[in-house]
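# Per-entry structural report
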Amino acid sequence: GNGMWEPFIGVSLKKDYGFITMAFDSLYTARLKTGRSDRIDEGDKIELTESILKPFTRQFSAGVGSAQTWFLDSSAEGKSLVDSQGRLVTAFMNSTYFFSQVWSVTAAFEFSPSATGLGVNQPLTRTVSLNTRYGFY
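Note that the structure is a prediction, hence the values are computed from the model and not measured.

So, about the packing of aromatic side chains. Under the definition given, this model contains five aromatic pairs. Where Tyr-134 meets Phe-136, the ring centres are 5.1 Å apart and the plane angle is 65°; that geometry is what we call edge-to-face. Phe-136 gets classed as exposed once you look at its relative accessible area, which sits at 73%. Every member of this aromatic cluster is reached through a ring pair, and the members are Tyr-97, Phe-99 and Trp-103. Looking at Lys-54, its charged tip hangs above the ring of Phe-56, at a distance of 5.4 Å from the centre.

Encoded structure:
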């Protein structure tokens, strides 16, 4: 972690339209300042995520979506750092296979489009992941 306390508040909305589920998530993260003069305190963060999920069978589903993140000004010794704010836009797609009600595997791809103006002070990323999930009840 970054060594900071990060309380957050958010809203998550989901709506089924026939066999498609649309979701919207928003999150505000307040990064509490450390008060240490030898550290840069990161600015607060705002995140929005939109997604669409389509189940093809009872065992297989796929989804696509986008996420936008804004990083507010960082500070050092209580003073705002010029041009330290940032913005990041990513797109993602995933597919999930359910072996049972409690066990699934998901393959996902996430990337930052390189279009001018979508990202500011953030690196372009490309991520491939394979996850498995098992629930204990």
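Past the structure itself, the notes keep going.
Moving on: the layout of surface pockets. As a volume, the largest pocket reaches approximately 290 Å³. For the largest pocket, the lining is made up of 13 residues, of which Thr-96, Phe-98, Ser-104, Thr-106 and Arg-133 are closest to its centre. Secondary structure elements with two or more residues in the lining of the largest pocket: strand E8 (86-98) and strand E9 (103-111). Each residue belonging to the lining of the largest pocket can be placed in one class, and the counts come to five nonpolar, seven polar and one charged. Here the second largest pocket is characterised by a volume of approximately 200 Å³. Residue lining of the second largest pocket: Lys-14, Thr-21, Ala-23, Asp-25, Thr-49, Ser-51, Ile-52, Leu-53, Gly-63, Phe-92 and Asn-94, and that is the complete set. When residues of the lining of the second largest pocket are traced back to their parent elements, those giving at least two are strand E2 (20-29), strand E4 (45-55) and E8. Top contributing element to the lining of the second largest pocket by residue count: E4, with four residues.

A word on the pattern of salt bridges. In this structure the tally under the stated criterion is three salt bridges. Where Glu-42 meets Arg-31, a salt bridge forms, and the shortest distance between an N and an O atom there is 2.6 Å. Taken as a pair, Glu-42 in the loop between strand E3 (40-41) and E4 and Arg-31 in the loop between E2 and E3 lie far apart in primary sequence, eleven residues in all. Taking relative accessible area as the criterion, Glu-42 reaches 29% and is therefore assigned partly exposed. Take Arg-31: its relative accessible area is 8%, and that puts it in the buried class. The partner of Lys-45 in a salt bridge is Glu-47, with the nearest N and O atoms 3.9 Å apart. For Glu-47, a relative accessible area of 22% translates into the label partly exposed. When salt bridges with common partners are traced through the structure, they connect Glu-6, Arg-31 and Glu-42 into a single cluster.

A sheet is described by the order of its strands in space; here seven strands give the open sequence E1-E2-E4-E5-E8-E9-E10, paired in antiparallel fashion. The open sheet is flanked by strand E1 (8-17) and strand E10 (126-134), the only strands paired with a single partner. Within the sheet, the average angular offset between the axes of one strand and its neighbour, ignoring direction, is 15°.

Rules used in this analysis
- Residues numbered from 1 in each chain as written.
- Predicted model: local features only at pLDDT ≥ 70, side-chain atom pairs only at ≥ 80, totals over all residues.
- Heavy atoms only, no water.
- Phe/Tyr/Trp six-rings, centres within 6.5 Å; stacked < 30°, edge-to-face > 60°.
- Buried < 20%, exposed > 50% of the residue type's maximum accessible area, 1.4 Å probe, protein only.
- Lys NZ or Arg CZ within 6 Å of the ring centre and 35° of its normal.
- 1 Å grid on protein atoms, 1.4 Å probe; cavity = no way out; pocket = protein on both sides within 12 Å on 5 of 7 lines; lining within 4 Å.
- Points joined across faces, edges and corners; volume = space filled by probe spheres on them.
- Helix = DSSP H or I, 4+ residues; strand = E, 2+ residues; numbered from the N terminus.
- Nonpolar A, V, L, I, M, F, W, Y, C, P; charged D, E, K, R; others polar.
- Salt bridge = Lys/Arg side-chain N within 4 Å of Asp/Glu carboxyl O.
- Pairing = 2+ DSSP bridges.
- Axes fitted to C-alpha atoms, helices over the stretch in contact; angles between N-to-C directions.

Just geometry here; none of it tells us what the structure is for.
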